[in-house]
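# Descriptive analysis of the structure
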Amino acid sequence: DTAVSQTPKYLVTQMGNDKSIKCEQNLGHDTMYWYKQDSKKFLKIMFSYNNKELIINETVPNRFSPKSPDKAHLNLHINSLELGDSAVYFCASSQEGAWTGELFFGEGSRLTVL
Amino acid sequence: LAKTTQPISMDSYEGQEVNITCSHNNIATNDYITWYQQFPSQGPRFIIQGYKTKVTNEVASLFIPADRKSSTLSLPRVSLSDTAVYYCLVGDLRRALTFGSGTRLQVQP
């Protein structure tokens, strides 16, 4: 069983479209994250959710919005896609209560905006 | 944020010990130091974490000097399958956990 799963794995779309990436974790963790990895391989945190509350929100355009229907899911919605949004997006989770620094990552979703 | 600095790349041969050093001069008192490994087309995977002195697990050792301004990940007897990007991460849950550009390790036969 995959601990952190993301869908879709690949996504190709046109500028201006709206798209979503879904993430689910079956580890029972309290906190989930979205990261963006650009072409230079920098992994930048975008959001994290703990018990349905946004606890970290870096300087991300408001076109990006996380949606968490429950603590096992954190979906990423992107409106009005731009060329610069092309990247690999990783979902991750951790157990805040037993914080050991270990983040569990999904396999990534490669977004290409044409 | 505790910014980290690592070498961009390193080369090694199978069977050698590899040491990757990370600088984090403005590390905070509550920060832990964590290392991750990432293979192409995969998410990063946790390797080891420490706060001070030395930590060892089944895959690596982590050396942290008393001032904690740097740390060294040590991989004993690397193999071809250790070819990957290694990230040093400093922080705690309540702070932005941004990874640096990492160190690309290439292991050759």
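Since the model is a prediction, treat every value here as computed from it, not as a measurement.

With that out of the way, let us pick up the sheet that holds strand 1 (residues 4–7) of chain A. Residue and element names in this part refer to chain A. Spatially, 1-3-8-7 is the arrangement adopted by the 4 strands of the open sheet, whose pairing is antiparallel. Where the open sheet ends on each side, the last strands, each with one partner, are strand 1 and strand 7 (64–70). Neighbour-to-neighbour, the strand axes of the sheet open up by a mean angle of 20°, direction not taken into account. Bridging between strand 1 and strand 3 (residues 19–25) involves 4 bridges; their strand directions are antiparallel. Residue pairing for strand 3: Gln6 is matched across the bridge by Cys23.

This paragraph deals with the state of the cysteines. Under the counting rule described, the total for this entry stands at 2 disulfides over all chains. Note that Cys23 of chain A is cross-linked by a disulfide to Cys91 of chain A, the S-S spacing being 1.8 Å. Between Cys23 of chain A and Cys91 of chain A the disulfide shows an S-S torsion of about -80°. By sign, it is left-handed. You can see Cys23 of chain A sitting in strand 3 and its partner Cys91 of chain A sitting in strand 9 (residues 87–94), a full 68 residues away along the chain. The pair formed by Cys23 of chain A and Cys91 of chain A is uniform in burial state, with each residue classed as buried. Note that Cys22 of chain B is cross-linked by a disulfide to Cys88 of chain B, the S-S spacing being 2.2 Å.

In this structure, Ile33, Trp35, Ile47, Leu73, Leu75 and Tyr86 of chain B are the most contacted members of the largest nonpolar core, which totals 20 residues. Of all the secondary structure elements, the ones that give two or more residues to this core are strand 2 (18–23), strand 3 (32–38), strand 4 (45–50), strand 6 (61–64), strand 7 (70–75), strand 8 (84–91) and strand 9 (103–108) of chain B. Per-element accounting of this core gives the leading share, 4 residues, to strand 8 of chain B. Listed in part, the 19 residues of the second largest apolar core include Met32, Phe47, Leu76 and Leu81 of chain A.

Let's shift gears to the side chain of Ser94 of chain A. Residue and element names in this part refer to chain A. In this structure, Ser94 sits in strand 9. Residue class for Ser94 comes out buried when judged on its relative accessible area of 0%. Of note is the side chain of Ser94, whose polar atom sits 2.8 Å from the side chain of Tyr33.

All names here are of chain B. Sheet architecture is open: 4 strands sit in the order 2-7-6-5, paired in antiparallel fashion. Both edges of this open sheet fall to strand 2 and strand 5 (53–56), since each of them pairs with a single strand only. Recorded for the sheet is a direction-independent mean angle of 15° between the axes of neighbouring strands.

This part is about the packing of aromatic side chains. Within a pair of aromatic rings, the relevant descriptors are the distance that separates the centres and the angle that separates the planes. Counted according to the given criterion, the structure contains 7 aromatic pairs over all chains. Between Phe90 of chain A and Phe105 of chain A, the ring centres sit 6.3 Å apart and the planes meet at 85°, which makes this aromatic pair edge-to-face. Residue Phe90 of chain A is found in strand 9, and its partner Phe105 of chain A is found in strand 10 (residues 104–105); the two are separated by 15 residues along the sequence. Judged by relative accessible area, Phe90 of chain A falls into the buried class, the value being 2%. For Phe105 of chain A, a relative accessible area of 11% puts it in the buried group. When the centroid spacing of 6.1 Å and the interplanar angle of 85° are considered together, the rings of Phe105 of chain A and Tyr36 of chain B count as edge-to-face. Of this pair, Phe105 of chain A sits in strand 10 while Tyr36 of chain B sits in strand 3, which puts the two residues in different chains. Each of the two residues, Phe105 of chain A as well as Tyr36 of chain B, counts as buried. Taken together, Tyr33, Tyr35, Phe90 and Phe105 of chain A together with Tyr36 and Phe46 of chain B form an aromatic cluster joined through their ring pairs. Between the NZ or CZ atom of Arg68 of chain B and the centre of the ring of Tyr51 of chain B, over which it lies, the distance is 3.9 Å.

What counts and how
Residues numbered from 1 in each chain as written. Chains lettered and ligands numbered in written order. Predicted model: local features only at pLDDT ≥ 70, side-chain atom pairs only at ≥ 80, totals over all residues. Heavy atoms only, no water. Pairing = 2+ DSSP bridges. Helix = DSSP H or I, 4+ residues; strand = E, 2+ residues; numbered from the N terminus. Axes fitted to C-alpha atoms, helices over the stretch in contact; angles between N-to-C directions. Disulfide = S-S within 2.5 Å. Buried < 20%, exposed > 50% of the residue type's maximum accessible area, 1.4 Å probe, protein only. Core = buried A, V, L, I, M, F, W, Y, C linked by side-chain atoms within 4.5 Å. Polar contact = N/O pair within 3.5 Å; in protein donor to acceptor, adjacent residues only side chain to side chain. Phe/Tyr/Trp six-rings, centres within 6.5 Å; stacked < 30°, edge-to-face > 60°. Lys NZ or Arg CZ within 6 Å of the ring centre and 35° of its normal.

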